[in-house]
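What follows is the residue order along each chain.
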Amino acid sequence: MLNGKTIILGVTGGIAAYKACELVSRLKKLNADVRVVMTKEATKLIGPITLRTLSGNPVVTDLFTDEPADLPVPHIALAQKADLIIIAPCTANIIGKLAGGIADDALTTIVMASPAKKLIAPAMNCEMWRNPVVQDNIAKLGVRSFEFVGPEEGMLACGVEDIGKMSKPRAIVKAAIKLLGENKETLTPDLHGQKVLITAGGTREAIDPIRFIGNRSSGKMGYALAAAARRRGADVTLVSGPTQAAAPEGVTVISVEDAKGMREAVLANRPGQNIIIMAAAVADYRPTITFWQKLKKENEVFELELSRTVDILAELGRTKNGTCLVGFAAETNDHIENARAKLSEKNLDLIVVNDASAIEQDSSEIKLIDKHGNVEEYPMQAKPQSANIILDKIISLIPRSPDPRLS
Ligand code: CTP
């Protein structure tokens, strides 16, 4: 199944390094040419000779050696030759180095010099995994097309049951096969031929020329969805409220300010869309009157009257016409119950539920509820990872004709 594929397996200094043996065996059984690269720390946990024997190839542990002798300028040649680089286990330290562009050993140098696809299987202590710096680094790598598998929940080396365990070698191999089986043009062109409209960010409802009512939405989830949908081959239009997020490559971005502008942009771009994902935090209320001159402070108390905005998603749900409609629910309590109500009231195919506290964060714990009532819960992970999970789910819900490029 992996005939003719060169896979670099990077092994870093986590307790799960011993599982690299099973991973090498599984990859070899599928006829991959496996080249193991170990960090110094990894060699303290497992012997290179074991991995050399199992892989049938020299193991690289040092940047400045002649090994593998069959390749000129070994680390660059290896980087160029690889179809895929798997790093399993991958520590927080290596994730940080890769996100920060540091190449100070054989593995990080090879990764930096390689155009191959990259698959990371993180393994670390649960608190390290939750550390915002680590999550930030994972989000950065996600944007740069690194793929992740795991970590899983389970008994950790430190003796607690929590998130941080490396995915099973079987799951890592499965993810590798999926990545290598994909068309070279995009990571996973399973949305090729699909038109996807995504909204992102928060809206700003003007009080006067200076002030507005807004919310804390960063737009990270909507932008991650747009980038992932594009990488998976979709024709993506992103209607965005004001955000700091960078426009994803190849995506048509329409910038709007308030709920009214967002509604107009969504309705104008709605025809022909196969999938609409409303990830934006649209204001539910706007000032009834917008003052055209700056308000001066006069009285001790200032009362502002607000009026309801149009619920764009509910409006789309009333005239769906076969479009797959996906909403978001940011809740502080009774998450599932509230989201189920929104799913049915707005006539959605899928609703993504997260806690309102995730709104500005790089990662979130999502739950997906589909129109059939199925509920799926996912552990805390970076938003680019959640984006792919949401897209996988959407794909499972839409009727599709086969992609002619893959036949
Ligand atoms: N939404 C919308 N138009 C609005 C308000 C919300 O399209 N005027 C969409 C959001 O983009 C999101 C979904 O509706 O996909 C849920 O929004 P949320 O604010 O969480 O829920 P509401 O339905 O507005 O209910 P409530 O604020 O009472 O929780």
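- For the protein chain, the name recorded in an unreviewed UniProt entry is Coenzyme A biosynthesis bifunctional protein CoaBC.

### Focus: the overall build of the protein chain
- The helix and strand tally for the protein chain stands at 14 helices and 21 strands.
- Since a compact globule built from 407 residues should have a radius of gyration of about 22 Å, the 24 Å found for the protein chain is in line with a globular shape.
- Along the three orthogonal principal directions, the C-alpha set of the protein chain runs to about 80 × 55 × 40 Å.
- Out of the 407 residues belonging to the protein chain, those deemed buried represent 52%.
- Summarising the internal contacts of the protein chain: among those between residues at least 6 apart in sequence, 67% fall at separations of at least 24.
- Both charge centroids of the protein chain, one from 49 positive and one from 48 negative side chains, sit 4 Å from each other.

### Thoughts on the packing of helix 5 (residues 92–100) against helix 8 (residues 132–143)
- Packing of helix 5 against helix 8 leaves a shortest axis separation of 9 Å and a crossing angle of 50 degrees. Between helix 5 and helix 8, the angle falls in the class oblique. For the crossing formed where helix 5 meets helix 8, the hand is left-handed. Where helix 5 abuts helix 8, its residues Ala92, Ile95, Gly96, Leu98 and Ala99 lie against Val134, Asn137, Ile138, Lys140 and Leu141.
- Its residues placed into classes, the contact of helix 5 with helix 8 shows seven nonpolar, two polar and one charged.

### Some words on the packing of aromatic side chains
- Enumeration over the complete set of coordinates arrives at zero aromatic pairs.
- The cationic tip of Lys118 hangs over the ring face of Phe146; the distance from NZ or CZ to the ring centre is 5.7 Å.

### Some remarks on the nonpolar core
- Of all hydrophobic cores here, the largest spans 33 residues; its most connected members are Ile198, Leu225, Ile277, Ile390 and Ile394.
- Looking at this core, the elements with two or more residues in it are strand 8 (195–200), helix 10 (220–231), strand 11 (235–240), strand 13 (275–278), strand 16 (324–331), strand 17 (350–355) and helix 14 (383–397).
- The contacts of Ile390, once residues within four sequence positions are left out, are Met221, Leu225, Phe328, Leu350, Val352, Ile366 and Leu368.

### Digging into the pairing of strand 3 (residues 84–90)
- In terms of residue burial, strand 3 counts as a mostly covered element, since seven of its seven residues are buried.
- The alternating pattern of strand 3 places Leu84, Ile86, Ala88 and Cys90 and Ile85, Ile87 and Pro89 on opposite faces, both of which are buried.
- For strand 1 (residues 6–11) and strand 3, the ladder comprises four bridges, and the chain directions are parallel. Bridging across to strand 3, Gly10 finds its partner in Ile87.
- In this sheet, strand 4 (residues 117–122) lies alongside strand 3 in parallel orientation, the contact comprising five bridges. Bridged to Ile87 within strand 4 is Ile120.

### Some thoughts on unusual backbone geometry
- Residue Pro89 is reached from Ala88 by a cis peptide bond, and omega for that bond is -5 degrees.
- When you line up the elements, Pro89 lands in strand 3.
- Cis geometry marks the peptide bond from Gly150 to Pro151, where omega comes out at 5 degrees.
- Mapped onto the fold, Pro151 is located in the loop between strand 5 (147–148) and strand 6 (152–155).
- Not every positive phi belongs to a glycine, and Asn347 is a case in point at roughly 55 degrees.
- Counting through the fold element by element, Asn347 comes out in the loop between helix 13 (335–345) and strand 17.

About the criteria used
- Residues numbered from 1 in each chain as written.
- Predicted model: local features only at pLDDT ≥ 70, side-chain atom pairs only at ≥ 80, totals over all residues.
- Heavy atoms only, no water.
- Helix = DSSP H or I, 4+ residues; strand = E, 2+ residues; numbered from the N terminus.
- Rg over C-alpha atoms; globule rule 2.2 N^0.38 Å.
- Buried < 20%, exposed > 50% of the residue type's maximum accessible area, 1.4 Å probe, protein only.
- Contact = heavy atoms within 4.5 Å.
- Lys, Arg positive; Asp, Glu negative; His and termini not counted.
- Charge placed at Lys NZ, Arg CZ, Asp CG, Glu CD.
- Axes fitted to C-alpha atoms, helices over the stretch in contact; angles between N-to-C directions.
- Parallel < 35°, antiparallel > 145°, perpendicular 65-115°, else oblique.
- Left-handed = near helix turned anticlockwise from the far one by under 90°.
- Nonpolar A, V, L, I, M, F, W, Y, C, P; charged D, E, K, R; others polar.
- Phe/Tyr/Trp six-rings, centres within 6.5 Å; stacked < 30°, edge-to-face > 60°.
- Lys NZ or Arg CZ within 6 Å of the ring centre and 35° of its normal.
- Core = buried A, V, L, I, M, F, W, Y, C linked by side-chain atoms within 4.5 Å.
- Pairing = 2+ DSSP bridges.

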